[in-house]
Amino acid sequence: MSEAEDFAKFIEKFLGEVPGGVEGDREMRRRDPSPLVDTTAADIRPDNLSDDQIQSWFDYMAWNLWELIATRSTEGESGLIPRQEYETLSFVQQWSVNPNAVRVITDKVGVDGLVELGRVPRREIGTKLNHIRNYASSLMAVLGRGVCVSLDQLDPGVRREDVRDCIQFARRLWHGTWGEGPGLASGRGFALPLLEDDVLQPLLAAAKPFADEEERNAFRRFNATTELFGFLMHYDTRLGMGDTGPYPLPGGGFALIRDHFLNETGYPWSEIGEGLPYAVTEVLVFKPDPIEVRINDIGTTFTKPADYLKSLDRVAVFARDTIDTPMSEIRLVDHDERARIIRACEAGVLKMYKMLSKLDRDEKIRNGVRMYSHEFMRPLAHRAGVWDDILAAGFDELSDAAREAWPILSSPRAAEILAPVFLLGKGFPPLRNAAAV
Amino acid sequence: MKIIVDWDLCEGHGQCEFVAPDIFTINDAGDLEVVDETPEAGQRRNVEQAVRRCPTRALSIED
């Protein structure tokens, strides 16, 4: 078999064995009928996990991660922003700093408080306390461990308590979102219909049909412009967006609820978002046309056919003005304001291109490490009231592990490390110690 | 290499402009303009990234 054929085999199926999609979840559950990515009210309470439990989480998450990468859920490289470089360095950074951060949050709010934080995406829109971050808050740190092991920086058996604490932190959040059972979209048929009905129904009721084709085109431009702006505000990642759904509708059709995060403060480039709402939320109601919808754990929607927006029937746009704006003050965005937002986002995109053109590669990587590390922890820590404490404890200081990894992970050699981490399960090296902590 | 755009799918998201600004641009009306439909081989990687990144899969390459 040629090298290309060999590689293709591992793209087509995880480890050449397990397919993607619901079929893959079914196969993973055949292998492990009770994977630790499922939660119960009882098993989220202990602080201790056995090696077998940790391995169970590792095994499922390795497939889940492959599924994201292999199904083109991420965009790959960008010439303007060295995203792959900063993401993987951020994994290493998060492995260094997230365990202490999750313990600070857990100490502050307790297990019940984490479950309540996990419940937020069921009750709110325009919030970064969403499934994407609940999903990734521990995954990023655990992947950082895998990268460090791959770089021979770390023995897989050390810092076992950090692995354990990150996993249970995530599981407690997942339990708040999903209740008993699978804590991931991949275990729930690749759907994220999270909003409770009393929150969803008023949103749907606000959706209006397009008056004419011009209005339809204006909305599509609003969607496209705010999406691209959200990407750039979040340094070319999908952290600036997130879908929930599909929400089936009586009589057929379905709805998606789509957040675009526009005005994130605290980054050197945040000024591009001045004057914009913190987030806009689109309520997208679709006609009962034959459309297959799949949403993965990072809130990315895939449809068959791809041109699903042709079936868009009614829309509404809401704004959350700041990160602390309560749900009771979420407001509708009218056509005039949508036009203003489009103009502001377009101007912001140009401003960001200019800012990026003045930075050297290392500066962009440093910015990206900081952004990526903040995005998975700050929303949770902010709501828990401990973000300033976590920052003061050195969250932003580049760790020794990240400094040591920098030369390799910022070089073309990084691909040799990362392909096995993402695609061959090397992001989750087993613990050696067989005894429970 | 020739760039093919499915204009029924294109929505002017601008991801293509972001990765290949010498090839793609979004005009003031929010519509895509392909600056160079047959770019030189040296642009292939950027064009492939644009194809990959398009959220509506409106782009393809014809060799």
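Just so it is clear, the model here is predicted, and its values are computed rather than measured.

## A few points about the overall build of chain A
- Each helix and strand counted, chain A has 13 helices and ten strands in total.
- A compact globule built from 437 residues should have a C-alpha radius of gyration of about 22 Å, and chain A, at 21 Å, falls within 12% of that.
- When its C-alpha atoms are laid out on the principal axes, chain A stretches across 65 × 55 × 50 Å.
- Relative to all contacts within chain A whose residues are 6 or more apart in sequence, the contacts with residues 24 or more apart total 79%.
- Here chain A holds 52 positive side-chain charges and 68 negative ones, and the gap between their average locations is 1 Å.

## Re the confidence of the model for chain B
Residues and elements named next belong to chain B.
- Averaged over every residue, the pLDDT of chain B is 90; the share at 70 or more is 100%.
- The least confident element of chain B is helix α1 (residues 15-19), whose mean pLDDT is 88; the most confident is strand β1 (residues 2-5), at 96.
- Across the interfaces of the predicted complex, the ipTM metric reaches 0.75, alongside a pTM of 0.92.

## Focus: the environment of E12(A)
Residues and elements named next belong to chain A.
- By the element assignment, E12 lies in helix α1 (residues 3-12).
- Overall, the relative accessible area of 59% leaves E12 in the exposed class.
- A C-alpha to C-alpha distance of 22 Å links E12 and G299, two positions 287 residues apart in sequence.

## Concerning the interface of chain A and chain B
- The interface is formed by 24 residues belonging to chain A together with 22 residues belonging to chain B.
- Summed over both partners, the interface of chain A with chain B comes to about 2000 Å²; 45% of that surface belongs to carbon and sulfur atoms.
- A salt bridge links D236(A) to R53(B); its shortest N-O distance comes to 2.3 Å.
- At the junction of chain A with chain B, the criterion picks out five residue pairs in polar contact (both at pLDDT 80 or more).
- A total of eight residues in the side of chain A that touches chain B trace back to one element, the largest contributor, which is helix α8 (residues 213-233) of chain A.
- Its residues assigned to classes, the side of chain A that touches chain B comprises ten nonpolar, four polar and ten charged.

## Description of the nonpolar core
- One finds W57(A), M61(A), I105(A), F428(A) and F24(B) to be the most contacted residues of the largest nonpolar core, which totals 150 residues.
- At twelve residues, the largest contribution of residues to this core is made by helix α4 (residues 83-123) of chain A.
- Not counting residues within four places of it along the chain, the set of residues in contact with W57(A) comprises L36(A), V37(A), S138(A), L139(A), V142(A), I167(A), R171(A), W174(A) and F428(A).

The rules behind the values
Residues numbered from 1 in each chain as written. Chains lettered and ligands numbered in written order. Predicted model: local features only at pLDDT ≥ 70, side-chain atom pairs only at ≥ 80, totals over all residues. Heavy atoms only, no water. Helix = DSSP H or I, 4+ residues; strand = E, 2+ residues; numbered from the N terminus. Rg over C-alpha atoms; globule rule 2.2 N^0.38 Å. Contact = heavy atoms within 4.5 Å. Lys, Arg positive; Asp, Glu negative; His and termini not counted. Charge placed at Lys NZ, Arg CZ, Asp CG, Glu CD. pLDDT = per-residue confidence, 0-100. Buried < 20%, exposed > 50% of the residue type's maximum accessible area, 1.4 Å probe, protein only. Buried area = accessible area lost by both parts, 1.4 Å probe. Salt bridge = Lys/Arg side-chain N within 4 Å of Asp/Glu carboxyl O. Polar contact = N/O pair within 3.5 Å; in protein donor to acceptor, adjacent residues only side chain to side chain. Nonpolar A, V, L, I, M, F, W, Y, C, P; charged D, E, K, R; others polar. Core = buried A, V, L, I, M, F, W, Y, C linked by side-chain atoms within 4.5 Å.

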